[in-house]
Amino acid sequence: MRTLKTCEKGHKFYKSTDCPTCPICEEERKPKDGFLSLLSAPARRALENNGISTLEGLAKYSEEEILKLHGMGKSSLPKLKKALDEEGLSFKYI
Ligand SMILES: [Zn+2]
């Protein structure tokens, strides 16, 4: 039996289990381009200026290409690698 539940934010959703997790809140909690928020402002602008706003877009570049972008620092690379890794992606090999 699916039951109609209401979360504390007032979203209505059907759940077939006792799991109280609201799917709408879950979706709001993970922004699509969340990896950009991990970066410093110059590094984020470097990606945005090159039209890179998603991890899929980022994966089309090699590590070397990304490092060459104006504003991108070496310290941002581990964060980007980790974000790619979590999505099963990686930098392009050249
Ligand atoms: Zn909710």
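Residues numbered from 1 in each chain as written. Predicted model: local features only at pLDDT ≥ 70, side-chain atom pairs only at ≥ 80, totals over all residues.

Draft legend 1. Structural context of the overall build of the protein chain. Across its full length, the protein chain holds five helices and two strands. Of the regular secondary structure in the protein chain, the N- to C-terminal order runs β-β-α-α-α-α-α. (Helix = DSSP H or I, 4+ residues; strand = E, 2+ residues; numbered from the N terminus.)

Draft legend 2. Main features of the nonpolar core. In this structure, Phe-35, Leu-36, Leu-39, Ala-43, Ala-46, Leu-47, Ile-52, Leu-55, Leu-58, Ile-66, Met-72 and Leu-80 together form the largest nonpolar core, which totals 12 residues. Elements with a minimum of two residues in this core: helix H2 (41–49) and helix H3 (55–58). Of the residues forming this core, the biggest block, three residues, is contributed by H2. Beyond its immediate stretch of four places on either side in the chain, Ala-43 contacts Gly-71, Met-72, Gly-73 and Ser-76. (Core = buried A, V, L, I, M, F, W, Y, C linked by C-beta atoms within 7 Å. Buried ≥ 20, exposed ≤ 12 C-beta atoms within 10 Å, placed from the backbone. Contact = placed C-beta atoms within 7 Å.)

Draft legend 3. Just the environment of Arg-44, in detail. Looking at the secondary structure, you find Arg-44 in helix H2. Note on Arg-44: 20 C-beta atoms within 10 Å, which makes it buried. For the pair formed by Arg-44 and Ser-76, sequence separation is 32 residues and the distance between their alpha carbons is 9.3 Å. In this structure, Arg-44 is in contact with Leu-36 and Leu-39, ignoring residues within four places of it in sequence.

Draft legend 4. Region of interest: the confidence of the model for the protein chain. Scored by pLDDT, the protein chain has a mean of 87; 89% of the residues are at 70 or more. When the elements of the protein chain are averaged for pLDDT, helix H1 (residues 23–29) gives the smallest value, 78, and helix H4 (residues 63–68) the largest, 95. (pLDDT = per-residue confidence, 0-100.)

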